[in-house]
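What follows is each chain in one-letter form.
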Amino acid sequence: MHPYFFLSYAHTPRFGAGGPDPDMWVERLFRDLCGHVMALTDLPAGAEAGFMDREIRSGEGWSERLGAALATCRVFVPLFSPRYFASEMCGKEWFAFAHRAIQHGAASNERAEAIVPALWVPVPPSQLPGPAERLQFNHNTFGERYVTDGLYGLIKLRGYAEQYERAVYELARRIVRVAETVRLDPVRPMDYRVVPSAFGPSGSAGGGPARTLHVTVAAGSRHDLPDGRSPEYYGESALDWNPYHPVSQRPIAYVAEDVIKNLNYQTTMSSFDDEAGHFDSKQPPTRPEILIVDRWVVEDEHRRQRLAAFDQESRPWINVVVPWNRYDHQSRAKEAELARRLEETLPVKMGQGRAACRAAANGVANMETLGQILPQVVEAAAQQFLRHAQVYLPAGNTHTERPRLIGPMGMSEPPAPPPAPFPPDAYDAYDTHIDGNDSNDTDRGDADDSES
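As the structure is a computational prediction, the values presented were derived from the model and not from experiment.

**Remarks on the packing of helix 12 (residues 335–345) against helix 13 (residues 347–356)**
Now for step 1: At a minimum axis distance of 5 Å, the contact between helix 12 and helix 13 shows a crossing angle of 100°. Judged on the interaxial angle alone, helix 13 and helix 12 are roughly perpendicular. Contacts between helix 12 and helix 13 involve Leu342, Glu343, Glu344 and Thr345 on the former and, on the latter, Pro347, Met350 and Arg354.

Printed below as a string of structure tokens:
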């Protein structure tokens, strides 16, 4: 049986050996929620009403059971607290579940919000990371004391038993209502080694300058396609390009935007046609960028020349992603020719993109693979941005070892070296997972396209 809901929380360390387990209060909440969910639904006796990780500790990997629960549960219930948003593992759990909703939205073209947050300890809005801040959720319906003290306060303080019972019951009702309204399909469990945190790198979850990233799409519209190219994959502008039609119902730009927002970024988007001529490599970057390219654009000589000119400018903070649907028969028939011409048009960018993420430049076979590789592409672009962004000296100080950054990813203190996107051994595992081969293979990252 699949768990009805997944309770995600940050483990609290014990104060000393043999001392009481501070997570026992979370376990009590979990038991109470399970009881209410069983009473409010027709789940059979013995069914797994909820899943709570009682064993995994910070710094350890996900168990297979943990990954399976995230891939199959109907509702995700994060327990908000300052410790929660500082936890990398909690961020991984959030990302894995939210990615299911993104895939569902791509396939159905309908928003699927199946995250029901609960206040364990109240967190000021200014300290919430982007994915949590964007949730449309009214905590006031659970009671005034719940909003001011959180579930931890209600469960610990004498005299608030009634308020605790009301809040837990209302939370269970909300879980059931969402589960009955939103039907997320189960997916294959994600490998924790290549799953990023939805809260961004450590220390960036909230309270600092917003992290921004720009997405540019180089593609045609249905009005200016080459002879013989079907318009069913295109719309009124490049941002309407949907290479994975008919499996996907949403344009790729908006799916990519959702994935990137789930990495705690704010995003902006534009067409390469609108951006062409506005790039200036002599100016420092203001944000990392992703360029999503349709190989068919090389059939338009004017666009091809603009892309070639763009490739001559040094902008390593812009990484390339090349979607390629091998079930698109027109594309498959011209695959070798279009791939060759794109390599000739963008030799620098394709080489740079292949170094950052081989599958992204060689052809992303389907929407599932896109969601898996985009975090790596974004992290590589962000690291290049940090290396090339403008720096300045703090006011009143002419001697500093590490200058500060200007721009939307700037920090109030000297920046630490950008973290690696995944553990050192995860890159080989990642390539193997995407391509089905070892990291020296040069084939496309499309081993999973049989399930597109």
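Picking up where we left off.
**A few points about the confidence of the model for the protein chain**
Detailed reading of the predicted coordinates is not advisable wherever pLDDT falls low.
Now for step 1: With 79% of its residues at a pLDDT of 70 or more, the protein chain shows a mean pLDDT of 83.
Now for step 2: Overall, residues 408–452 carries pLDDT values under 50, and its contacts beyond four positions in sequence, including any with other chains, amount to 105 contacts.

**Regarding the sheet that holds strand 2 (residues 50–52)**
Now for step 1: Judged by pairing direction, the sheet is parallel, and its four strands sit side by side in the order 2-1-3-4 without closing on themselves. Edge positions in the sheet fall to strand 2 and strand 4 (118–119), since each of these pairs with one other strand and no more.
Now for step 2: Sheet topology note: the strand 3 (residues 75–80)/strand 4 ladder contains two bridges and is parallel. Of the residues in strand 4, the one forming a bridge with Leu79 is Ala118.
Now for step 3: Strand contacts of helix 1 (residues 24–40): strand 1 (5–8), strand 2 and strand 3, with the helix running at about 165° to strand 1, the strand carrying the most contacts.

**Observations concerning the environment of Ser270**
Now for step 1: Inspection of the secondary structure puts Ser270 in strand 6 (residues 266–271).
Now for step 2: Residue Ser270 is classed as buried on the basis of its relative accessible area, which comes to 9%.
Now for step 3: Considered as a pair, Ser270 and His214 are 56 residues apart in the sequence and their alpha carbons are 8.0 Å apart.
Now for step 4: The contacts of Ser270, once residues within four sequence positions are left out, are His214, Val215, Thr216, Val217, Leu239 and Glu275.
Now for step 5: Side-chain polar atoms of Ser270 contact the side chain of His214, separated by 2.8 Å.

What counts, and at which threshold
- Residues numbered from 1 in each chain as written.
- Predicted model: local features only at pLDDT ≥ 70, side-chain atom pairs only at ≥ 80, totals over all residues.
- Heavy atoms only, no water.
- Axes fitted to C-alpha atoms, helices over the stretch in contact; angles between N-to-C directions.
- Helix = DSSP H or I, 4+ residues; strand = E, 2+ residues; numbered from the N terminus.
- Parallel < 35°, antiparallel > 145°, perpendicular 65-115°, else oblique.
- Contact = heavy atoms within 4.5 Å.
- pLDDT = per-residue confidence, 0-100.
- Pairing = 2+ DSSP bridges.
- Buried < 20%, exposed > 50% of the residue type's maximum accessible area, 1.4 Å probe, protein only.
- Polar contact = N/O pair within 3.5 Å; in protein donor to acceptor, adjacent residues only side chain to side chain.

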